[in-house]
Amino acid sequence: DAKTTQPPSMDCAEGRAANLPCNHSTISGNEYVYWYRQIHSQGPQYIIHGLKNNETNEMASLIITEDRKSSTLILPHATLRDTAVYYCIVSGTSGTYKYIFGTGTRLKVLA
Amino acid sequence: DTAVSQTPKYLVTQMGNDKSIKCEQNLGHDTMYWYKQDSKKFLKIMFSYNNKELIINETVPNRFSPKSPDKAHLNLHINSLELGDSAVYFCASSQGQGQFFGPGTRLTVL
């Protein structure tokens, strides 16, 4: 079973910020929060990851609560090309850790 | 340059046949993976190799045999194909943080 829970779907207007929540209440101290997205049937694409501090890169921002039990992925200015399924995953960093994908959130960006 | 590549992109075959899917990564990563995404879009890990050694095997039927000739390649051979093997198979690689996925191979068993 996935260690994360996400809403099944969300809509966002083009140009607005998309805020995608994720609950991971059983996260361990050495586990990171990773976000990926899958556009149509392409391979999942890495977006961002973090341990406890908020993170930002050219694609998105990741806000992790102080207790680390939940996080939010923020796409600051959503475009139509951001329409995809977004997956939140918690995992360690070595090769012995495995990703357990949940059902993700299907984000639809509306024109 | 493609970081993680897979061949073929599409594979259509009859039940009972044996087929292989190839994966190559040019990122210099030590760890490679195979995932299966079924018709309901659930993405599940099958195998993980680190420096050519198997480290994760998710109770996949032994008709599936991964082979890693070197750390840049992880091939998947499937014997006696069944209808339920129809899916999209993704290869991925990693070196510490984050996994990079290939474009997928859509396998259809008739």
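The model shown is predicted, which means the values in this text are computed figures rather than measured ones.

Brief notes about a positive patch on the surface
Next up, step 1: Together, R106 of chain A together with K9, K41 and R106 of chain B make up a positively charged patch on the protein surface.
Next up, step 2: Along the chain, R106 of chain A turns up in strand β9 (residues 105-110).

Considerations on the interface of chain B and chain A
Next up, step 1: At the junction of the two partners, chain B supplies 21 residues and chain A supplies 19 residues.
Next up, step 2: Carbon and sulfur atoms make up 53% of the area that chain B and chain A hide from each other, which totals about 1600 Å².
Next up, step 3: Viewed at the interface, chain A and chain B are joined by one salt bridge.
Next up, step 4: In this assembly, chain B and chain A are joined by six residue pairs in polar contact (both at pLDDT 80 or more).
Next up, step 5: Those elements that provide at least two residues to the side of chain B that touches chain A are β4 (31-37), β5 (43-50), β6 (53-57) and β10 (99-101) of chain B.
Next up, step 6: With four residues, β4 of chain B is the largest single contributor of residues to the side of chain B that touches chain A.

Regarding the sheet that holds strand β3 (residues 19-25) of chain B
Residues and elements named next belong to chain B.
Next up, step 1: Read from one edge of the open sheet, four strands run β1-β3-β8-β7, paired in antiparallel fashion. The strands lining the two open edges of the sheet, one partner per strand, are β1 (4-7) and β7 (64-70). Strand-to-strand twist in this sheet, taken as the mean axis angle between neighbours without regard to direction, amounts to 20°.

Considering the sheet that holds strand β3 (residues 32-38) of chain A
Residues and elements named next belong to chain A.
Next up, step 1: Taken in spatial order, the five strands make up an open sheet running β1-β9-β8-β3-β4, and their pairing is mixed. Sheet topology places β1 (9-13) and β4 (45-50) at the edges, where each strand pairs with a single neighbour. The mean angle between the axes of side-by-side strands here comes to 25°, regardless of whether they run parallel or antiparallel.
Next up, step 2: Taken together, the five bridges between β3 and β4 define a ladder with antiparallel strand orientation. Note that in β4 the partner of Y34 across the bridge is H49.

Some points on the environment of K36 of chain B
All names here are of chain B.
Next up, step 1: Within the fold, K36 resides in strand β4.
Next up, step 2: If we ignore the near neighbours within four places in the chain, the residues touching K36 are F42, L43, K44, M46, G84, D85, A87, V88 and Y89.
Next up, step 3: In this structure the side chain of K36 is engaged in a polar contact, spanning 3.1 Å, whose partner is the backbone oxygen of G84.

A few points about the pattern of salt bridges
Residues and elements named next belong to chain B.
Next up, step 1: Tallied over the full model, the rule gives six salt bridges over all chains.
Next up, step 2: A salt bridge links D30 to K71; its shortest N-O distance comes to 2.7 Å. Here D30, found in the loop between β3 and β4, pairs with K71, found in the loop between β7 and β8 (73-78); they are 41 residues apart in sequence, far enough to count as distant.
Next up, step 3: One salt bridge in this structure joins D85 and R63, with 2.8 Å as the shortest N-O distance. Of this pair, D85 sits in the loop between β8 and β9 (87-94) while R63 sits in the loop between β6 and β7; the two residues are 22 residues apart in sequence, bridging distant segments of the chain.
Next up, step 4: On the basis of relative accessibility, which here comes to 13%, the residue R63 falls in the buried class.

Some remarks on the state of the cysteines
Next up, step 1: Per the stated rule, a full pass over the model turns up two disulfides over all chains.
Next up, step 2: Note that C22 of chain A is cross-linked by a disulfide to C88 of chain A, the S-S spacing being 2.1 Å. Its S-S torsion of approximately -80° makes the covalent link between C22 of chain A and C88 of chain A left-handed. Within this pair, whereas C22 of chain A is found in strand β2 (residues 18-23), its partner C88 of chain A is found in strand β8 (residues 84-91), the two being separated by 66 residues in sequence. The residues C22 of chain A and C88 of chain A share a single accessibility class, namely buried.
Next up, step 3: A sulfur-sulfur separation of 1.8 Å characterises the disulfide bridge that pairs C23 of chain B with C91 of chain B. Its S-S torsion of approximately -75° makes the covalent link between C23 of chain B and C91 of chain B left-handed. One end of the pair, C23 of chain B, is in strand β3; the other, C91 of chain B, is in strand β9, and 68 residues separate them in sequence.
Next up, step 4: On the basis of relative accessibility, which here comes to 1%, the residue C23 of chain B falls in the buried class.

The rules behind these values
- Residues numbered from 1 in each chain as written.
- Chains lettered and ligands numbered in written order.
- Predicted model: local features only at pLDDT ≥ 70, side-chain atom pairs only at ≥ 80, totals over all residues.
- Heavy atoms only, no water.
- Patch = residues over 30% accessible without salt bridge, like charges linked within 9 Å, V, L, I, M, F, W, Y side chains within 5 Å.
- Areas by Shrake-Rupley, 256 points an atom, 1.4 Å probe, with all protein chains shown as cover.
- Salt bridge = Lys/Arg side-chain N within 4 Å of Asp/Glu carboxyl O.
- Lys, Arg positive; Asp, Glu negative; His and termini not counted.
- Charge placed at Lys NZ, Arg CZ, Asp CG, Glu CD.
- Helix = DSSP H or I, 4+ residues; strand = E, 2+ residues; numbered from the N terminus.
- Contact = heavy atoms within 4.5 Å.
- Buried area = accessible area lost by both parts, 1.4 Å probe.
- Polar contact = N/O pair within 3.5 Å; in protein donor to acceptor, adjacent residues only side chain to side chain.
- Pairing = 2+ DSSP bridges.
- Axes fitted to C-alpha atoms, helices over the stretch in contact; angles between N-to-C directions.
- Buried < 20%, exposed > 50% of the residue type's maximum accessible area, 1.4 Å probe, protein only.
- Disulfide = S-S within 2.5 Å.

Function cannot be inferred from these measures alone, as they are strictly geometric.
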